[in-house]
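Spelled out, the chains give:
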Amino acid sequence: MPPQPPENGHLLPSYRVLDLSGPEAVFCGKLLADYGADVIKVEPPAGDPGRATGPFAGDQADPERSLYFLFYNTNKRSITLDLQSERGQALFKQLIAKADVVLESYPVGYLASLGLSYESLQEINPGLVMASVTPFGQTGPWKDYKSSDLIAMASSGFMQITGDPDGPPLRQGNEQSHFPGSQYAASSILAALYYRDMAGGTGQYIDVSLQEALITYYTDAHPALAWMQMGENVTRVGHNSTLVIPLGAYPSQDGWISAGIITPREWDALAEWIFEVTGNEEVLNEDYKGGNQDRAPHNDMITALVIDFTTRFTSEYLFHEGQRRNLVFIPVNTVSDLLADPQLEASNFWFDLDHAETGSLKYPLGVYDSEEVSPATNPAPRLGQDNVAIYRGELGISPDELASLTGDGVI
């Protein structure tokens, strides 16, 4: 039988997840914790390296004030444990007996070298689900290669379709390559738990490759199909499009506005609006009428006409007047815009969490919205804050032994 849902009514039963992950899969643990799983962050005694990642609340560098760590570890608990020590490995195996899931992103073979392979852990707990999130998966000639977001973006081909047509391939902002792998790991873990608990199956080992996961996030461009059919790579188009003209982000008086014109009716409406404002008859050129491909040869001129028009107004005005004219105009939001966005306010997207070290901080809810169940809303744990509850309360370790483990650097 699966564990019962907690009394506060979260979406998931209180599955016990031992989270050993680094940046490649930390978002997976966050998703499971936010849904209601009992996710225990197993940190080295000195703390997870993410605690040293800035920026820091109040611009004070401190393991408890990393905004990166605070975001990615909401609703988790924290224990410290040195997995490289024999005593630490023995304690970890005790934890495995009551665990449902192990989540890890160590180099391929690292846990096995410590005697903690999935096969050995499954002997202790046959129902254990283990997910490994690595740059290139557990097999193949690249399985031992190290990686980074840049390498993941390059090896997946994502950079080939990102950037301006006459510029170099580009990676996206922040470490976007970690999200697909984490999301696939989370969904696979839930599927494996369903198979175990509802279909009478056993535990499962889940192998997630960041390269492979990222490839599936741009299949809407059909790069493989385009190559197989035409022998051509999908090319970069910048913030514009080769299929929809005009489409992209254009400067306004106070920022940027995004616009997309697809149908002949939309083009006629935009052209008339531009003519009303600028008086430039070029926008009424018959060559621009019809479909997007009719405008494709004139993309540079059309872009110039649109920029001359959009720079005369604020993004907010273009948005509302565009909506009134049944045209797709939407401001390119900054972070400050999002924090004041009435749509996000109405949907209760932002919420405040109090942390003992930082005070109240604003977080995106971003999980689910339901009248029947609610996401967990606990701040990220302090380093080792649950050592006593788990080691003494659950494993029955005496105060003297706990002090010895602490003094020897095992926990």
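Before reading on, note that the structure itself is shown above.
Throughout what follows, the structure given in this document is the object of discussion. (Residues numbered from 1 in each chain as written. Predicted model: local features only at pLDDT ≥ 70, side-chain atom pairs only at ≥ 80, totals over all residues. Heavy atoms only, no water.)

Description of helix α3 (residues 86–96)
Right, so step 1: Taken together, the buried positions of α3 are G88, Q89, L91, F92, L95 and I96. The buried residues of α3 occupy one face: seen down the axis, they fall within an arc of 160°.
Right, so step 2: Those residues of α3 hidden inside the fold are in contact with β1 (16–19), β3 (77–80), β4 (101–104), α5 (118–124), α16 (387–392) and α17 (399–407). (Buried < 20%, exposed > 50% of the residue type's maximum accessible area, 1.4 Å probe, protein only. Helix = DSSP H or I, 4+ residues; strand = E, 2+ residues; numbered from the N terminus. Arc of directions from axis to C-beta. Contact = heavy atoms within 4.5 Å.)

Regarding the pattern of salt bridges
Right, so step 1: Inspection of the entire model under this criterion finds 20 salt bridges.
Right, so step 2: With a shortest N-O distance of 2.8 Å, D19 and K76 are connected by a salt bridge. With a gap of 57 residues between them, D19 in strand β1 and K76 in the loop between α2 (67–72) and β3 connect regions that are remote in the sequence. Each member of the pair D19 and K76 is classed as buried.
Right, so step 3: Measuring nitrogen to oxygen at the nearest pair gives 3.2 Å for the salt bridge that ties K362 to D352. Taken together, the residues K362 in strand β11 (residues 359–364) and D352 in strand β10 (residues 350–355) connect sequence positions 10 residues apart.
Right, so step 4: The partly exposed category is assigned to K362, whose relative accessible area is 45%.
Right, so step 5: Linked by salt bridges that have partners in common, R16, D38, R77 and E394 make up one network. (Salt bridge = Lys/Arg side-chain N within 4 Å of Asp/Glu carboxyl O.)

Observations concerning the packing of helix α1 (residues 26–35) against helix α7 (residues 178–198)
Right, so step 1: Between α1 and α7, the least distance of the axes is 7 Å, while the angle of their chain directions is 45°. Comparing their axes, α7 and α1 come out oblique. α1 and α7 meet at a crossing whose hand is right-handed. Together, V26, F27, C28, L31 and L32 of α1 and F179, S182, Q183, A185, A186, I189 and L190 of α7 make up the contact between the two elements.
Right, so step 2: Residues belonging to the contact of α1 with α7 are distributed by class as follows: 10 nonpolar, two polar and no charged. (Axes fitted to C-alpha atoms, helices over the stretch in contact; angles between N-to-C directions. Parallel < 35°, antiparallel > 145°, perpendicular 65-115°, else oblique. Left-handed = near helix turned anticlockwise from the far one by under 90°. Nonpolar A, V, L, I, M, F, W, Y, C, P; charged D, E, K, R; others polar.)

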